[in-house]
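Listed below are the residues making up each chain.
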Amino acid sequence: MLVRLWGTRGSLAAPGPETVRYGGNTSCVEIRGPEGELLILDAGTGIRRLGASLAADDNEAHLLLTHLHMDHIQGRGFFAPLFRPDFDIHIWGPPSSNQLLRDRISRYLSPPLFPVRLRELPSLVAIHDILGGEVRIGSLTMRAEFVCHPGPTVGYRIGDGRRSIAYIPDHEPALGHRTAGFEPRWTSGIDLAEDCDLLIHDTQFTAAEYPDHAGWGHSSIDHAVDFAEAARARRLVTFHHDPAHGDTEIDEMLKRGRARASTVEVLPGHEGDVFEV
């Protein structure tokens, strides 16, 4: 599987000279399966460039939404293949207790927030509330589970039978603790990340910032490393960078994470990075 990062920023797009290396676009990750399957994790502002990169014979995609906060859906209306009548897109996302996923998505893809309604798109759009269990997409399998973040939010595990990728971009497994000491049986998201080859995980806060943001649904770099090691992940990619953090600050967070890690390889999440799994 090939993994490409199209957007690594969290909360708000943050373009500018201070974010040029790690990138300013919000969450969007492309996964290509061994048979050419196209999975897109979240539809932040990075999805616009992903859409522009697709070839004419790319005519199907599965868009896996972790949740419906704006930084994860804002780019969806600017995904050019949505306006192709030969393009089929399956949109997956967490269920709500009182609304179907289609109705919740339509609230954004409609005036006054967006000029084109979901039902007016020429592409073939199929929307699926994730109801648990494993879903096969070509040669890949996809599984989602709820994780600790405000509102209905899931993380994903993608596998090809040999290797696995866990994607948990908005996640607060520590729940207010300064240090994690994660007990795997009781920790949000552990089942998704367990023994995975590549973990893309929330690292929004520094260790010093986290106490003032406990309950916001995000992790410090310390918590992300501790979580990855509790799950026995092989590689951790830092992700969902705070819009207030420039490249130099994220470099320092990466150094701290690498110094803290004992079993997991900690990799920087730069927009445009490609990983082979």
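Let me sum up the structure you'll find in this document.

Definitions and limits used
- Residues numbered from 1 in each chain as written.
- Predicted model: local features only at pLDDT ≥ 70, side-chain atom pairs only at ≥ 80, totals over all residues.
- Heavy atoms only, no water.
- Helix = DSSP H or I, 4+ residues; strand = E, 2+ residues; numbered from the N terminus.
- Rg over C-alpha atoms; globule rule 2.2 N^0.38 Å.
- Buried < 20%, exposed > 50% of the residue type's maximum accessible area, 1.4 Å probe, protein only.
- Contact = heavy atoms within 4.5 Å.
- Areas by Shrake-Rupley, 256 points an atom, 1.4 Å probe, with all protein chains shown as cover.
- Lys, Arg positive; Asp, Glu negative; His and termini not counted.
- Charge placed at Lys NZ, Arg CZ, Asp CG, Glu CD.
- 1 Å grid on protein atoms, 1.4 Å probe; cavity = no way out; pocket = protein on both sides within 12 Å on 5 of 7 lines; lining within 4 Å.
- Points joined across faces, edges and corners; volume = space filled by probe spheres on them.
- Nonpolar A, V, L, I, M, F, W, Y, C, P; charged D, E, K, R; others polar.
- Pairing = 2+ DSSP bridges.
- Axes fitted to C-alpha atoms, helices over the stretch in contact; angles between N-to-C directions.
- Expected span 1.5 Å × (residues − 1).
- Phe/Tyr/Trp six-rings, centres within 6.5 Å; stacked < 30°, edge-to-face > 60°.
- Salt bridge = Lys/Arg side-chain N within 4 Å of Asp/Glu carboxyl O.

**Side note on the overall build of the protein**
Item 1. Counting its secondary structure elements, the protein contains five helices and 14 strands.
Item 2. For 277 residues, the compact-globule formula gives about 19 Å, and the C-alpha radius of gyration of the protein, at 18 Å, lands near that figure.
Item 3. Along the first, second and third principal axes, the C-alpha set of the protein runs to 50 × 40 × 40 Å.
Item 4. Per-residue burial over the protein gives 57% buried out of 277 residues.
Item 5. If you take every contact in the protein between residues at least 6 apart in sequence, the share linking residues at least 24 apart comes to 70%.
Item 6. Accessible area for the protein stands at about 11800 Å²; split by element, carbon and sulfur atoms hold 51% of it.
Item 7. Between the averaged position of the 27 positive side-chain charges in the protein and that of its 39 negative side-chain charges there is a distance of 1 Å.

**Notes on empty space enclosed by the protein**
Gaps between atoms show up when a probe of the same size as a water molecule is rolled over them.
Item 1. Counted under the stated rule, the structure contains one cavity of 30 Å³ or more.
Item 2. As a volume, the largest cavity reaches approximately 40 Å³.
Item 3. Here the lining of the largest cavity gets three residues from one element, more than from any other, and that element is helix H5 (residues 247-260).
Item 4. Here the residues of the lining of the largest cavity are counted per class, giving three nonpolar, five polar and one charged.

**So, the sheet that holds strand S8 (residues 140-146)**
Item 1. Spatially, S7-S8-S9-S10-S11-S12-S13 is the arrangement adopted by the seven strands of the open sheet, whose pairing is mixed. Both outer strands of the open sheet, strand S7 (134-137) and strand S13 (265-267), are each paired with one neighbouring strand and no more. Going across the sheet, the axis of each strand differs from the next one's by a mean of 20°, ignoring polarity.
Item 2. Pairing geometry for strand S12 (residues 235-239) and S13, over three bridges, is parallel. Paired with Val-237 across the bridge in S13 is Leu-267.
Item 3. The sheet strands contacting helix H4 (residues 221-230) are strand S10 (164-168), strand S11 (198-202), S12 and S13, and the helix crosses S11 at an angle near 150°.
Item 4. Relative to the sheet, H5 contacts S12 and S13, its axis offset from that of S13 by approximately 175°.

**Focus: H5**
Along an α-helix, a turn takes 3.6 residues, which lines up residues three or four apart on a common side.
Item 1. Taking 1.5 Å of rise per residue, the 14 residues of H5 would be expected to cover 20 Å, and the 20 Å separating its terminal C-alpha atoms lies within 8% of that figure.
Item 2. On its buried side, H5 packs onto H4, S12 and S13.

**Structural notes on the packing of aromatic side chains**
Item 1. This structure, assessed with the given rule, holds five aromatic pairs.
Item 2. Note on Phe-79 and Phe-87: the rings are 6.0 Å apart at their centroids and 75° apart in plane angle, and the pair reads as edge-to-face. Across the pair, exposure class does not vary: Phe-79 and Phe-87 are buried alike.
Item 3. Ring centres of Tyr-167 and Phe-239 lie 5.8 Å apart, and the angle between their planes is 75°; this geometry places the pair in the edge-to-face category. One end of the pair, Tyr-167, is in strand S10; the other, Phe-239, is in strand S12, with 72 residues separating them in the sequence.
Item 4. With relative accessibility at 0%, the residue Tyr-167 sits in the buried group.
Item 5. Since its relative accessible area comes to 0%, Phe-239 is described here as buried.
Item 6. Among the aromatic side chains, those forming a connected cluster through ring pairs are Phe-78, Tyr-108 and Phe-114.

**A short note on the sheet that holds strand S14 (residues 274-276)**
What links the strands of a sheet is backbone hydrogen bonding, and the strands pair in either a parallel or an antiparallel sense.
Item 1. Taking strand neighbours across the sheet as the criterion, the seven strands line up as S6-S5-S4-S3-S2-S1-S14 in an open arrangement whose pairing is mixed. Taken across any chain shown, the strands that pair with only one partner, and hence form the sheet edges, are strand S6 (124-129) and S14. Direction aside, the axes of adjacent strands within the sheet are offset by 20° on average.
Item 2. Looking at chain direction, strand S5 (residues 88-93) and S6 are connected through six bridges and run parallel.

**Looking at the pattern of salt bridges**
Item 1. What the rule picks out here adds up to 16 salt bridges.
Item 2. Here Arg-21 and Asp-251 are joined by a salt bridge, their closest N and O atoms 2.6 Å apart. Linking Arg-21 in the loop between strand S1 (2-7) and strand S2 (28-32) with Asp-251 in helix H5, this pair joins segments that are 230 residues apart in sequence.
Item 3. Measuring nitrogen to oxygen at the nearest pair gives 2.7 Å for the salt bridge that ties Asp-222 to Arg-256. On the criterion of sequence distance, the pair formed by Asp-222 in helix H4 and Arg-256 in helix H5 is long-range, its members being 34 residues apart.
Item 4. You can call Arg-256 partly exposed: its relative accessible area is 43%.
Item 5. Three or more residues joined by partner-sharing salt bridges are found here, namely Arg-4, Glu-30, Arg-32 and Asp-58.

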